[in-house]
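In case you want the letters, here they are:
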Amino acid sequence: MTSSAREILTRIQAHNVRFVRFIWCDNANVIRAKAVRTTFIESYLHGEGVGIAAAQQALPVMYDALAPGSGLTPAGEAHMRADWSTFAALPYAPGHARVLTDIYDGEQPWAHCPRSFLRRMIARAADHGVHIFAAFENEFSLLRPSESGPQPFDTTVFCQTWALDQATPIINAITDALEAQGLQVEMAYPESGPGQFELPVRYADALRAADNQIIFRETVKGVARQHGALASFVPKIYPDKAGNGAHLHFSLQRNGRSIVVEPDRPHVLTAEMRAFMAGVLHHLPALMALTTPSTNSFKRIRPRFWSGAYTCWGIGNREAALRAPQPAAGQPITNVELKTSDATANPYLSLGAVIAAGVDGLAKGMTLGEPVNGDPADLSEAERAARGIRQLPATSGEAIAALEQDAVLLDALGDALARSYLAVRRAEWEAMKDLPHAEEVQLLLERY
Ligand code: GLU
Ligand code: MG
């Protein structure tokens, strides 16, 4: 037995683990697991994978039935192989541990595997000498069950301490649980919407950042449930209130050094960073089918809700799709965030697609426009057109159509994954486009 296998067994015993959950996140961004009884875990320490039906990657969010046109059938099996470096006991589910997985087709990474897709895009960036670091900055809503359905924890405004008082035990327990799993919580504060909170976590290399997003969502939901509450990442629960974003922060390094800003010019983005951002903005209408993929997502992406509804960028501009956070005096710009991103996105697919778009910008030397300082919604139609600022797709249907036309993103996904992913997106759009808001939220509330 290898020493790392022995170490996993020791940790399994130390935490009195009965089951190890093999986790995968599918094209509908549902996080799923098969849990292996620890008495049988040894063979899985040495590469044997846990089987799942290939058809899993054809399931839309509504139900366990195949989306038409996915290229997948009820026949066929793929195998989840544990990445044991991600193993952790689950603080919110005593007796259970989890491990994140790459899905294999025989000896090869499965063409439909989202985590393998992100690995490919990380390698693509590395071919250009660029290493991507990232963090998903999540907002979520805390709800309490009631006779008349789930009610928000509070009705406070932004950062009101009263909201923190309502939720102190849950926020503390979420923080402890995240830190026990290796995430670093940087802050906690009530956001603007009813029962809405935000806990930014520290950035990491791209694969770890996507893993962290799975761990974050699982932990927030699991801990809230332990406290008799429901946590939800659904982007727009209350139609006229602030939505839940999962802003995607990213930065670039070359040879272990940040290349976000020019040396000695802490507020001037490098040519590479600008080209990468230009690539993201260029592909954004299609990218949205991956970064804000739910029918509900598009209710959040509205002008004047700080959610990034226009293809522009700005320093400290919360209405721009790409925002370079404005640093404190004397500090450099360290990263850029994509606001057009939420937690209904499979993080491996969304981050991988953002990298593909950015690398396309780098490879083609795309030009980033001038930063926008005010609210792009205040510019006239003509001014926006003159500055190349487009309003983003208003529905999932429009974003799907844009992705179907985006050769770069389709090529990055590869034929098989592009086909299964688009089939799932289309099935969801057809099933949910006319669903009344309350029914849509009810359907999604526990999924995300
Ligand atoms: N809740 C806003 C959104 O939907 C973001 C607010 C903020 O800037 O943090 O993305
Ligand atoms: Mg926020």
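Okay, so let's go over this structure. Because the structure is predicted, anything quoted here is derived from the model rather than measured.

### Regarding the packing of aromatic side chains
For the structure on display, the rule yields nine aromatic pairs. Each ring, one from Phe22 and one from Tyr44, has its centre 5.7 Å from the other, and the planes form 65°; the classification is edge-to-face. With Phe22 in strand 1 (residues 19-25) and Tyr44 in the loop between strand 2 (31-37) and strand 3 (50-53), this pair connects stretches of sequence that are 22 residues apart. This pair shows no difference in class: Phe22 is buried, exactly as Tyr44 is. With 5.5 Å between their ring centres and 50° between their planes, Phe250 and Phe276 make a pair best called tilted. Note that Phe250 is positioned in strand 14 (residues 246-254) and Phe276 in helix 5 (residues 271-291), a separation of 26 residues in sequence. Under the relative-accessibility criterion, Phe250 is labelled buried at 1%. For Phe276, a relative accessible area of 1% translates into the label buried. Clustering of aromatic rings is evident, with ring pairs tying together Phe22, Tyr44, Trp84 and Phe87.

### Let's talk about the coordination of the magnesium ion (ligand 2)
For the magnesium ion (ligand 2), the full set of protein donor atoms is Glu139 (OE), Glu191 (OE) and Glu198 (OE), at a range of 2.0 to 2.1 Å. Spacing between the donor residues of the magnesium ion (ligand 2) along the chain follows E-x51-E-x6-E. On the criterion of sequence distance, the pair formed by Glu139 in strand 8 (residues 131-144) and Glu198 in strand 11 (residues 196-198) is long-range, its members being 59 residues apart. Relative accessible area serves as the criterion here: at 8%, Glu139 is assigned to the buried category. A relative accessible area of 2% means that Glu198 is categorised as buried.

### Concerning helix 3 (residues 161-180)
Along helix 3, the helix axis deviates most sharply at Ala167, where the bend reaches about 70°; the proline Pro169 sits within four residues downstream. Taken together, the buried positions of helix 3 are Ala163, Ala167, Ile170, Ile171, Ile174, Thr175, Ala177 and Leu178. Among the structural elements, strand 8, strand 10 (189-190), strand 11 and helix 4 (206-226) are those in contact with the buried residues of helix 3. One or two steps after helix 3, the chain reaches Gly182, where phi turns positive at roughly 90°.

### Description of the environment of Glu430
Position of Glu430 relative to the elements: it lies in helix 11 (residues 415-432). Here the alpha-carbon distance between Glu430 and Ser396, two residues 34 residues apart in the chain, equals 9.9 Å.

### As for unusual backbone geometry
We note that Asn16 has phi near 55°; this positive angle belongs to a residue other than glycine. Located in the positive-phi region is Cys159, a residue other than glycine, with phi close to 60°. Here Cys159 is to be found in the loop between strand 9 (151-152) and helix 3. Cys159 gets classed as partly exposed once you look at its relative accessible area, which sits at 32%.

### Considering the site of ligand 1
Surrounding ligand 1, one finds Glu139, Glu191, Gly243, Gly245, His247, Arg300, Phe305, Trp306, Ser307, Arg318 and Lys339. Contacts to ligand 1 include His247, whose side-chain N or O atom sits 2.7 Å from an oxygen atom. One nitrogen or oxygen atom from the main chain of Trp306 is found 3.5 Å from an oxygen atom belonging to ligand 1. For ligand 1, whose free accessible area comes to 300 Å², the fraction covered by protein is 91%.

### Here's the deal with the pattern of salt bridges
Throughout the structure, instances matching the rule amount to 22 salt bridges. For the salt bridge of Asp211 with Arg115, the shortest nitrogen-to-oxygen distance reads 2.7 Å. One end of the pair, Asp211, is in helix 4; the other, Arg115, is in helix 2 (residues 114-127), and 96 residues separate them in sequence. For the residue pair Asp211 and Arg115, the accessibility class agrees, reading buried in each case.

Cut-off values and rules
Sequence order as written defines residue numbering, which begins from 1 separately in each chain. Chain A is the first chain written and ligand 1 is the first ligand written, with later ones labelled in order. Per-residue local features are limited, in this predicted model, to residues with pLDDT of at least 70; the limit for side-chain atom pairs, both in listing and counting, is 80 or more; totals at the level of whole chains, interfaces and linings are taken over all residues. With hydrogens and water stripped out, all remaining heavy atoms of the structure feed into the side-chain values. Any pair of Phe, Tyr and Trp rings, taking the six-membered ring for Trp, is counted once the centres come within 6.5 Å. Such a pair is stacked with planes under 30 degrees apart, edge-to-face with planes over 60 apart, and tilted for the rest. Each helix is a run of DSSP H or I of at least 4 residues and each strand a run of E of at least 2, with the numbering of both proceeding from the N terminus. Burial classification: accessible surface area is computed with a 1.4 Å probe over protein chains only, and a residue below 20% of its type maximum counts as buried, one above 50% as exposed, and the rest as partly exposed. Think of the donor list as every N, O and S atom within 2.8 Å of the metal, or within 3.2 Å for Na, K and Ca; water never makes the list, so a site can look incomplete. Bend at a residue means the angle formed by two fitted axes: the first through the 7 residues ending at that position, the second through the 7 residues beginning there. Whether two residues touch is decided by their heavy atoms; if any such pair falls within 4.5 Å, the residues are in contact. The nearness test applies per residue and asks whether one of its heavy atoms lies within 4 Å of the molecule or strand. Pairs of N or O atoms are called polar contacts if they sit within 3.5 Å, as long as, within protein, a hydrogen donor faces a hydrogen acceptor (for residues adjacent in sequence, only side-chain-to-side-chain pairs). Computed with a 1.4 Å probe, the accessible areas rest on the Shrake-Rupley method; for each residue, only the protein chains presented here act as cover. Put simply, a salt bridge is a Lys or Arg side-chain nitrogen that is within 4 Å of an Asp or Glu carboxyl oxygen.

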